[in-house]
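Remarks on the overall topology
Below are the chains, spelled out letter by letter.
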Amino acid sequence: MAQQLHVELVAVEEKVWSGEAEMVVARTTEGELGVLPGHAPLLGQLAEPGQVRIKLPGGEQVTYDVDGGFLSVSAEGVTVLAESATPASAAQSR
């Protein structure tokens with residue numbers, strides 16, 4: 001089985017999504033960032049407005065529109081702390 005990331009997407013008032021993923025893609029103030037298992041630890045500021053794409057095992061993808069916040073990568077996985085996070089419509093997903 002391929003390595004996976006544990007991902008937590010948290011908005012100010014609630015945990016929005018939690019689970020295992022193959023990859024996380026987010027736009028930061030430094031540019032678009034893709035995170036795979038084994039990625040070096042980092043802390044990035046999310047671009048506004050932004051989008052977080054979570055690629056699930058099996059090829060499915062979930063996408064959230066986010067406003068503000070940070071992305072943290074550690075040995076334990078990826079945590080996205082956003083001011084707000086809402087599911088993106090299929091038309092907006094890339």
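Below or above, wherever it landed, is the structure these notes cover. (Residues numbered from 1 in each chain as written. Predicted model: local features only at pLDDT ≥ 70, side-chain atom pairs only at ≥ 80, totals over all residues. Heavy atoms only, no water.)

Some details on the environment of Leu-56
- One can find Leu-56 in the loop between strand S6 (50–55) and strand S7 (61–74).
- Leu-56 sits in the buried class, given a relative accessible area of 14%.
- Taking C-alpha positions, Leu-56 is 13 Å from Glu-8, a pair spaced 48 residues apart along the chain.
- Apart from residues lying up to four places away in sequence, Leu-56 is in contact with Trp-17, Glu-20, Ala-21, Glu-22 and Val-62. (Helix = DSSP H or I, 4+ residues; strand = E, 2+ residues; numbered from the N terminus. Buried < 20%, exposed > 50% of the residue type's maximum accessible area, 1.4 Å probe, protein only. Contact = heavy atoms within 4.5 Å.)

Some thoughts on the pairing of strand S1 (residues 5–11)
- With five of its seven residues buried, S1 lies for the most part within the structure.
- Direction of pairing for S1 relative to strand S2 (residues 15–21): antiparallel, over a ladder of six bridges. From the neighbouring strand, Val-7 faces S2, where its bridge partner is Gly-19.
- Inspection of the sheet shows S1 paired to strand S8 (residues 77–87) by five bridges, in the parallel sense. In the sheet register, Leu-9 faces S8, and the bridge partner there is Val-80. (Pairing = 2+ DSSP bridges.)

Quick notes on the side chain of Thr-28
- Mapped onto the secondary structure, Thr-28 falls in strand S3 (residues 23–28).
- Beyond its immediate sequence surroundings of up to four residues, Thr-28 is in contact with Leu-33, Gln-45, Leu-46 and Ala-47.

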